[in-house]
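The lines below spell out each chain.
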Amino acid sequence: MEFNVKKLASDAGVFFSRAMQFTEEKLGQAEKTELDAHFENLLARADCTKNWTEKILRQTEVLLQPNPSARVEEFLYEKLDRKVPSRVTNGELLAQYMTEAANDFGPGTPYGKTLIKVGETQRRLGAAEREFIRSASINFLTPLRNFLEGDWRTISKERRILQNRRLDLDACKARLKKAKAAEAKAAAVPDFQETRPRNYVLSASASALWNDEVEKAEHELRLTQTEFDRQAEVTRLLLEGISSTHVNHLRCLHEFVESQTNYYAQCYQFMLDLQKQLGRFSGTFVGNAESASPAAATSPPAAAATLPAVPTIPVVPTIVGVPNTVAEGVLNPNEVKPPASGTRRARVLYDYEAADSTELALLADEMITVYSLPGMDPDWLIGERGNQKGKVPVTYLELLS
């Protein structure tokens, strides 16, 4: 117990001495051993890497899990080294509600059928989101977290040791400087005419004592300098390893972008498929509604103005001068001829995959010729590209002239 108390007192004394020395350096009252410019650049680069890695890590966690309560829960489970419970995504929960609503409303009704279709797509979106979160966590968040909790902690520990070695070195330099000043003062040429020889003897004795003190301080300085240089080299090697960390994080960033690209590509494809399904289904539904309510035939669908829907052509009565194929709602591109006037140029906004032989597949940014025929659905036009001809949705086009 006595040994521990003495050690504790010694450590406390060293701590207060270093704190006082550090404060004096900050106030400019003590000399400080400066590190070379390259070492300082390595330190600045390491600090910058640590700070930005923390920010990127935290914001990526927010992106993957916007709910702060859920993030705290996951953090606690991780610290307790327990498995995080599986959590239903918002898309999967919405799919569940839509399916239950469809069962209540009747899965055979138009609304019930649509709810089932949309719910299934939401379920697929939720599953894709879950896979994206899992992939991003493994390939991106985990390496960043390992750097902060592993490599950076080692670097911080060695930097603290280097700081203590530097303070010890500066303390030894100050002690040596003080001893040399005292030795020079004691070794000043005595006055041989001094009537009191005792003073001369004391002066010579003090000079010898300070000479021993100088030698002792020089020996401690050499040892401290060696320890400082060794620690500086260890810290330098760790700091230079930041370049390897950047290379590793760059690879992880590419994997994160790849996962996110696949996720959004899946979502886009799921929604395109859903649009086509709803377009065909809503075309039939609108046709039934038109037959039940004549007033509905005069107003186009409101949703067509905002979403690139893919509706089918409703059945219209035969019109004089219009091919029967158009009037019956079944288009044969080979039988359609452009009108004498009214053709326009259009730029394609999005890729479009033709659903059947009557439609024309489109590529984003290409230019085509379009025109309308009497009796056609206002959401569709006839598009021509060279010898190819077919129906194209208006919402996929930018009409130029």
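Now for a look at the structure at hand. All values reported here derive from a predicted model rather than from experimental measurement.

### Some details on the nonpolar core
Item 1. Core analysis: the biggest nonpolar cluster contains 34 residues, and Phe-132, Phe-140 and Leu-239 have the highest contact counts within it.
Item 2. Every element with two or more residues in this core is listed here: helix 2 (37-64), helix 5 (110-186), helix 6 (197-240) and helix 7 (242-292).
Item 3. With 16 residues, the single largest contributor to this core is helix 5.
Item 4. When neighbours within four sequence positions are excluded, Phe-132 is seen to be in contact with Leu-64, Phe-256, Ser-259, Gln-260 and Tyr-263.
Item 5. By size, the runner-up hydrophobic cluster in this structure holds 17 residues, among which are Leu-272, Ala-346, Val-348 and Val-392.

### A short note on the pairing of strand 3 (residues 380-385)
Item 1. With respect to burial, strand 3 is a largely interior element, five of its six residues being buried.
Item 2. Relative to strand 3, strand 2 (residues 367-371) runs antiparallel, the two being bridged by three bridges. Bridge pairing in strand 3 places Tyr-371 opposite Ile-382.
Item 3. Taken together, the six bridges between strand 3 and strand 4 (residues 388-393) define a ladder with antiparallel strand orientation. If you follow Leu-381 over to strand 4, its bridge partner there is Val-392.
Item 4. Count of turn residues in the strand 3/strand 4 antiparallel hairpin: two residues, of which Gly-386 carries a positive phi of about 65 degrees.

### Quick notes on the packing of aromatic side chains
Item 1. Tallying each qualifying case throughout the model produces eight aromatic pairs.
Item 2. Taking the centre distance of 6.1 Å and the plane angle of 35 degrees together, the rings of Phe-132 and Phe-256 count as tilted. Highlighted residues: Phe-132 in helix 5 and Phe-256 in helix 7, separated in sequence by 124 residues. Like Phe-256, Phe-132 is buried.
Item 3. Taken together, a centroid distance of 5.5 Å and an interplanar angle of 90 degrees make the contact between Tyr-350 and Tyr-396 edge-to-face.

### Considerations on a nonpolar patch on the surface
Item 1. On the surface, Val-72, Phe-75 and Leu-76 cluster together to form a nonpolar patch covering roughly 290 Å² of accessible area.
Item 2. Within the secondary structure, Leu-76 sits in helix 3 (residues 68-79).

### Focus on the packing of helix 2 against helix 5
Item 1. Orientation of helix 2 relative to helix 5, taken along the N-to-C sense of each, is 150 degrees, at an axis distance of 10 Å. Put simply, helix 2 runs roughly antiparallel to helix 5. In this structure, helix 2 meets helix 5 at a crossing whose hand is left-handed.
Item 2. Looking at the contact of helix 2 with helix 5 residue by residue, the classes come out as 16 nonpolar, three polar and six charged.

### Thoughts on helix 2
Note on helix geometry: an α-helix contains 3.6 residues per turn, so any two residues three or four positions apart are oriented the same way.
Item 1. The terminal C-alpha atoms of helix 2, which comprises 28 residues, lie 40 Å apart, in line with the 40 Å expected from a rise of 1.5 Å per residue.
Item 2. Looking at where helix 2 begins, the residue whose side-chain oxygen comes 3.1 Å from the main-chain nitrogen of His-38 is Asp-36.

### Remarks on the environment of Ala-355
Item 1. With respect to the helices and strands, Ala-355 occurs in the loop between strand 1 (344-348) and strand 2.
Item 2. When the C-alpha atoms of Ala-355 and Lys-276 are compared, they prove to be 8.2 Å apart, with 79 residues separating the residues in sequence.

Procedures and definitions
- Residues numbered from 1 in each chain as written.
- Predicted model: local features only at pLDDT ≥ 70, side-chain atom pairs only at ≥ 80, totals over all residues.
- Heavy atoms only, no water.
- Core = buried A, V, L, I, M, F, W, Y, C linked by side-chain atoms within 4.5 Å.
- Buried < 20%, exposed > 50% of the residue type's maximum accessible area, 1.4 Å probe, protein only.
- Helix = DSSP H or I, 4+ residues; strand = E, 2+ residues; numbered from the N terminus.
- Contact = heavy atoms within 4.5 Å.
- Pairing = 2+ DSSP bridges.
- Phe/Tyr/Trp six-rings, centres within 6.5 Å; stacked < 30°, edge-to-face > 60°.
- Patch = residues over 30% accessible without salt bridge, like charges linked within 9 Å, V, L, I, M, F, W, Y side chains within 5 Å.
- Areas by Shrake-Rupley, 256 points an atom, 1.4 Å probe, with all protein chains shown as cover.
- Salt bridge = Lys/Arg side-chain N within 4 Å of Asp/Glu carboxyl O.
- Axes fitted to C-alpha atoms, helices over the stretch in contact; angles between N-to-C directions.
- Parallel < 35°, antiparallel > 145°, perpendicular 65-115°, else oblique.
- Left-handed = near helix turned anticlockwise from the far one by under 90°.
- Nonpolar A, V, L, I, M, F, W, Y, C, P; charged D, E, K, R; others polar.
- Expected span 1.5 Å × (residues − 1).
- Polar contact = N/O pair within 3.5 Å; in protein donor to acceptor, adjacent residues only side chain to side chain.

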